[in-house]
Amino acid sequence: MSAPRSLMRRLAASPSAMAGGIIVALHLIAMFVALFEITPYPPAEQHPESRLQGPSGAFLLGTDQFGRDVLSRVLDGVRLSLQVSIVAVAIAAVIGSTFGLAAGFFGRRFDSVTMRVADVFFAFPAILLALAIVTALGPGWRNTAIAIAVVYTPIFARVARGPVLSLRTREYVEAAEGLGFHPARILVVHILPNVAAAIIVQISLALSWAILTESSLSFLGLGAQPPQASLGLMIADSRALATTAWWNFAGPAVVVAALVIGFNMFGDGLRDALDPTGENR
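Here is a short report on the structure shown in this document. (Residues numbered from 1 in each chain as written. Predicted model: local features only at pLDDT ≥ 70, side-chain atom pairs only at ≥ 80, totals over all residues. Heavy atoms only, no water.)

## Concerning unusual backbone geometry
With omega at 5 degrees, the peptide bond leading from P226 into P227 counts as cis. The topology assignment puts P227 in the loop between α8 (183-219) and α9 (231-237). Even without glycine at this site, L52 takes up a positive phi of about 55 degrees. Note on placement: L52 falls in the loop between α2 (15-35) and α3 (70-106). A relative accessible area of 31% means that L52 is categorised as partly exposed. Non-glycine residue R108 carries a positive phi angle of around 50 degrees. Along the chain, the position of R108 falls in helix α4 (residues 108-122). Since its relative accessible area comes to 79%, R108 is described here as exposed. (Helix = DSSP H or I, 4+ residues; strand = E, 2+ residues; numbered from the N terminus. Buried < 20%, exposed > 50% of the residue type's maximum accessible area, 1.4 Å probe, protein only.)

## What about the layout of surface pockets?
When its volume is computed, the second largest pocket comes out at roughly 200 Å³. In terms of lining, the second largest pocket is formed by 13 residues, of which the most central are F99, V117, F121, T153 and P154. Mapped onto the lining of the second largest pocket, the elements with two or more residues apiece are α3, α4 and α6 (141-167). In terms of residue class, the lining of the second largest pocket is built from eleven nonpolar, two polar and no charged. (1 Å grid on protein atoms, 1.4 Å probe; cavity = no way out; pocket = protein on both sides within 12 Å on 5 of 7 lines; lining within 4 Å. Points joined across faces, edges and corners; volume = space filled by probe spheres on them. Nonpolar A, V, L, I, M, F, W, Y, C, P; charged D, E, K, R; others polar.)

## With respect to the packing of aromatic side chains
Counted according to the given criterion, the structure contains six aromatic pairs. Judged by centre distance (5.0 Å) and plane angle (25 degrees), the rings of Y41 and F59 are stacked. A residue pair is termed long-range when its members are at least 10 positions apart, and Y41 in the loop between α2 and α3 and F59 in the loop between α2 and α3 qualify at 18 residues. With 5.8 Å between their ring centres and 80 degrees between their planes, W246 and W247 make a pair best called edge-to-face. With relative accessibility at 11%, the residue W247 sits in the buried group. (Phe/Tyr/Trp six-rings, centres within 6.5 Å; stacked < 30°, edge-to-face > 60°.)

## Let's talk about empty space enclosed by the protein
Left-over empty space is what a probe sized like a water molecule reveals as it rolls over the atoms. With the rule as written, the count across this model stands at one cavity of 30 Å³ or more. Of the voids in this model, the largest cavity is the one considered here, and its volume is about 100 Å³. Looking at the largest cavity, the residues that line it are D64, Q65, R68, V70, R73, M234, D237, S238 and N248. For the lining of the largest cavity, a count of residues per class yields two nonpolar, three polar and four charged.

Here it is in structure tokens:
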């Protein structure tokens, strides 16, 4: 049985991976619905005559204080949260993994400097560091993505570095060095495939953290700015309406929780599927 088919079989046998995968898939569909602008209403369109209307046939999740359709705004908020998270995690994964691979392979001074820089970042809570970076750069989804990428880059560096330290002394790596292969070729061809599983799992887990961080920054007013639809900003704006117009708060709050839980469950199942023996846990 080929490796991809074997992986799919193990994922299908994992209740955690299946449940998480379904949740993530539904939110990806929501993202594309908003991306191609096929939401029930334009997210910023106001209907003053229908302010704070409860869920109905016309507005499935009701309307907010400006008469905007909550469902359309939640769908667009999912798009923005996933957009920011995917961009941020992609940047962090590429840069962090590259430095981690190089640090583990070359060792010595480069490894020491890389890990000491990472330790400086680890000295600060992730959300506070992201908050400081966004405050310095200014609000907006692009700066939010940059802040999240900076915060999570050291995590990928450490995740990639660990396995390389043990792989560095394997016979096939030493043989490749003896044959005079370029270090870049050794890293890409011989080491990266053996580290990829840990990086892939870390990506799925980092996406859940990135979504939570993006929502937190938007909640504080440092993420996407009005009239853009942001899940965190919608939660912040609906706090005063939680008892009288609960649908304004419930929609984005449930979606944020579902996204975080979905990526975490899928990440756990993916880790089990990629490492069924549990040796690298």
